[in-house]
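Below are the chains, spelled out letter by letter.
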Amino acid sequence: MTCEDIGGVILAGGQARRMGGTQKGFCAIGGKTLLTRVIERLAPQVGYLALNVPHKTDEVAYQSYAIPLFHDVVDGFFGPLAGILTSMETLSRRQDFHGRHFVSCPVDTPFIPRDMVTRFYRRMRHSSAQIVCAASRGRVHPVCALWPLALASDLRHALLSESVRKIDRWTARYSVAVESFDDKDYDPFFNINSDDERRYGEALLSSIEGEV
């Protein structure tokens, strides 16, 4: 496995109810949507990029982004695990993807590290972990993680037969390594869920523009 063998899936299931109810990925900071900013950071790190959206999402609004859309394979409110399952099952069937792992991240984290996938990959290579997830500022971010596609059937059973909804409850069954990202003056996994957080994101963006 190399980084080129790793897929990337942006999870865009949130409705941004505290930000007007629009699809969260279309909220903007610094003149660009959150989705655009995540694509710009994640796309160079992976060999394949897709977007996970809710089951009945209209595709027209996403056509300009020119990346595959993965509609949820389960109907109902299952949280981020639905997007992770969808990514596992859909990537396993795609003829244009030949890898066995993918990285997920939410659409509301516009400052994800530009070396995130490389560091996940190295951590997995040098450990016996089945899953690698991010941490920063003393907090684990289980949605930002490197996953094996081979866990799809286990996850489907956990979701539909065991009513598991929390990521860490499910991942506790496996060996998980944590990669810490504390080398910045800010939290690269800061996520935007409200207008106040969007304003903070605007200010943060101005202070780190030009950063590698």
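Here, the structure is the one placed above.
Quick summary incoming for the structure in this document. (Residues numbered from 1 in each chain as written. Predicted model: local features only at pLDDT ≥ 70, side-chain atom pairs only at ≥ 80, totals over all residues. Heavy atoms only, no water.)

## Considerations on unusual backbone geometry
At step 1: The residue A66 is not glycine, and still its phi comes out positive at about 55°.
At step 2: Its location among the elements puts A66 in the loop between β4 (48-53) and β5 (69-71).
At step 3: Residue A66 is classed as exposed on the basis of its relative accessible area of 68%.
At step 4: Even without glycine at this site, R137 takes up a positive phi of about 50°.
At step 5: Tracing the backbone shows R137 in the loop between β7 (131-136) and β8 (139-148).
At step 6: Of the residues examined, R137 reaches a relative accessible area of 39% and is grouped as partly exposed. (Helix = DSSP H or I, 4+ residues; strand = E, 2+ residues; numbered from the N terminus. Buried < 20%, exposed > 50% of the residue type's maximum accessible area, 1.4 Å probe, protein only.)

## So, the side chain of D108
At step 1: Tracing the backbone through its elements, the reader meets D108 in the loop between β6 (101-106) and α3 (116-125).
At step 2: For D108, a relative accessible area of 7% corresponds to the buried category.
At step 3: Looking at D108, its side chain comes within polar contact range of the side chain of K24, at 2.9 Å. (Polar contact = N/O pair within 3.5 Å; in protein donor to acceptor, adjacent residues only side chain to side chain.)

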